[in-house]
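# Observations on the model geometry
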Amino acid sequence: MEPRINHADGIITIADANTTIGYCRYDECGAIEYLFVGPPFRRRGYARRMLSLVEERLGKTLDFEPPLSPLGRLLVEAYRREAGTGEPQSGGAAGADREATGA
């Protein structure tokens, strides 16, 4: 069964029939405030999928709010390499420990 994506103003959730897989909170300026994918679902592309949805909705390259976990730093580095925006700055994907998952 394909996970459901719910995209409301400022938040995206991905869920299956049993649980929330992940969620992303962002602001209209393109700042990712919080990004999380549950441990059993990490490294499957869910984080990148949510970031892509935010980019599509806002039409801009995203920025990441601190704090930044070790996993979050990896996600932000991969995102910035892919976006061609260079190396990450200190700070980062709000709660990426909270995330750094489906990259």
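Residues numbered from 1 in each chain as written. Predicted model: local features only at pLDDT ≥ 70, side-chain atom pairs only at ≥ 80, totals over all residues. Heavy atoms only, no water.

### Describing helix α1 (residues 46–58)
Between the first and last C-alpha of α1 there are 19 Å, a value that for 13 residues agrees with the 18 Å anticipated at 1.5 Å per step. Those residues of α1 that fall on the buried side of the exposure criterion are Y46, A47, M50, L51 and V54. Buried residues of α1 fall within an arc of 140° about the axis and therefore sit on the same side. Contacts made by the buried residues of α1 are with β2 (11–15), β3 (20–26), β4 (31–37), β5 (63–64) and α2 (70–83). (Helix = DSSP H or I, 4+ residues; strand = E, 2+ residues; numbered from the N terminus. Expected span 1.5 Å × (residues − 1). Buried < 20%, exposed > 50% of the residue type's maximum accessible area, 1.4 Å probe, protein only. Arc of directions from axis to C-beta. Contact = heavy atoms within 4.5 Å.)

### Points about the environment of I12
Summarising the element assignment, I12 is placed in strand β2. In this structure the C-alpha to C-alpha distance between I12 and C24, which are twelve residues apart in sequence, comes to 5.2 Å.

### Some thoughts on the packing of α1 against α2
For the pair α1 and α2, the least separation of the axes is 12 Å and the interaxial angle reads 50°. Considering the angle they form, α1 stands oblique to α2. The interaxial crossing formed by α1 with α2 has right-handed handedness. Residue-level inspection shows A47, R48, L51 and E55 of α1 in contact with α2, the latter providing L75, Y79 and E82. Tallied by class, residues from the contact of α1 with α2 come to four nonpolar, no polar and three charged. (Axes fitted to C-alpha atoms, helices over the stretch in contact; angles between N-to-C directions. Parallel < 35°, antiparallel > 145°, perpendicular 65-115°, else oblique. Left-handed = near helix turned anticlockwise from the far one by under 90°. Nonpolar A, V, L, I, M, F, W, Y, C, P; charged D, E, K, R; others polar.)

Geometric descriptors of this kind do not, in isolation, establish any biological role.
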